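One-letter residues, chain by chain:
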Amino acid sequence: MIDSQGKNLVFLMSMPRSGSTVLSMMLSAHSEISCPPESWLLLFAAEFFDLAGIRSAPYGRNIAQVAALDFLFGMEYKKPGTLEQMFRDLGSSYAANRNQDAIVSDFVRNAFNAQLALDGKPIFIGKTPRNYILLPWIDKYFPQSKKIFLKRNPLDIAYSYQASWQIPISELVGETLSANTRDFAEGLFSLSDYFYKPDPLKYVLSYEDLALDCPSQLKKLCQFVGVDYQLSMFEF
């Protein structure tokens, strides 16, 4: 389970269209790892409490709201009473006069731990590419959490935006502004700067290396996460 410092919590970060969905499916096939679809829970909670100036720029608010509620109600569907307990815990945080940032970290940790309990697994990997917006906040409130950066050639990412999402290049370079523009104007550089210096809690994985030699790269990634490599990771 995830403790107050973020032990057993891992954030999978990347630019959108970098292959993180396939990687998360491989990770979730491991017997010790829970890596559900993008929950957007951190961004959803930050929006609600107006943390880190998140309301000042686009990031995909509507997507965050739908995904976060789907994540929360999905757990309630599997185990009725899950949400009631989470909101009781949230009330306890308020009663203890904790600041808003601490309340959000408690809420997120409790939600991820609820998912771990449902899955019967010890390690949670949260995959939401635009969590790059909250990197300083994550470091402050989950200081022992691990972070994985799945990097991909930016030109291939831009092509995938256009081919898969029909997002024109003009939008990516700022001729019209959107959350997609922010990915290239901020996200790409925020992630590169954050992962530039070696750190035992950070791991950089190349999409191209993963595609070229998946077993070898997964073995190294498992070592970083703290689990043994399993062949089941290809059975997703």
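Here, the structure is the one placed above.
Residues numbered from 1 in each chain as written. Predicted model: local features only at pLDDT ≥ 70, side-chain atom pairs only at ≥ 80, totals over all residues. Heavy atoms only, no water.

A. Geometry of the packing of helix H3 (residues 61–78) against helix H4 (residues 82–95). Axis separation between H3 and H4 bottoms out at 7 Å; the angle between their running directions is 120 degrees. Considering the angle they form, H3 stands oblique to H4. Of the residues in H4, those in contact with Leu72, Phe73, Met75 and Glu76 of H3 are Thr82, Leu83, Glu84 and Met86. Of the residues that constitute the contact of H3 with H4, the class distribution is 5 nonpolar, 1 polar and 2 charged. (Axes fitted to C-alpha atoms, helices over the stretch in contact; angles between N-to-C directions. Helix = DSSP H or I, 4+ residues; strand = E, 2+ residues; numbered from the N terminus. Parallel < 35°, antiparallel > 145°, perpendicular 65-115°, else oblique. Contact = heavy atoms within 4.5 Å. Nonpolar A, V, L, I, M, F, W, Y, C, P; charged D, E, K, R; others polar.)

B. Representation of the pattern of salt bridges. Applying the stated criterion across every chain, the model contains 7 salt bridges. A salt bridge links glutamate 47 to arginine 61, with the shortest nitrogen-to-oxygen separation between them at 3.2 Å. In this pair, glutamate 47 sits in helix H2 (residues 41–49) while arginine 61 sits in helix H3, placing the two residues 14 residues apart along the sequence. Since its relative accessible area comes to 30%, arginine 61 is described here as partly exposed. Ionic pairing is found between aspartate 106 and arginine 109, a salt bridge with its closest N-O pair at 3.1 Å. (Salt bridge = Lys/Arg side-chain N within 4 Å of Asp/Glu carboxyl O. Buried < 20%, exposed > 50% of the residue type's maximum accessible area, 1.4 Å probe, protein only.)

C. Here's a closer look at empty space enclosed by the protein. Considering all chains together, one arrives at 1 cavity of 30 Å³ or more under this definition. In this structure, the largest cavity is lined by Phe11, Ser39, Trp40, Leu41, Leu42, Phe112, Gly126, Lys127, Thr128 and Asn131. If you list the elements that add at least two residues to the lining of the largest cavity, you get H2 and strand E3 (123–127). For the lining of the largest cavity, the class distribution of residues is 5 nonpolar, 4 polar and 1 charged. (1 Å grid on protein atoms, 1.4 Å probe; cavity = no way out; pocket = protein on both sides within 12 Å on 5 of 7 lines; lining within 4 Å. Points joined across faces, edges and corners; volume = space filled by probe spheres on them.)

D. Just the pairing of strand E4 (residues 146–151), in detail. Here 5 bridges tie strand E1 (residues 9–14) to E4, and the two strands are oriented parallel to one another. Bridge pairing in E4 places methionine 13 opposite phenylalanine 149. Taken together, the 5 bridges between E4 and strand E5 (residues 202–206) define a ladder with parallel strand orientation. Along E5, the bridge assignment pairs phenylalanine 149 with valine 204. (Pairing = 2+ DSSP bridges.)

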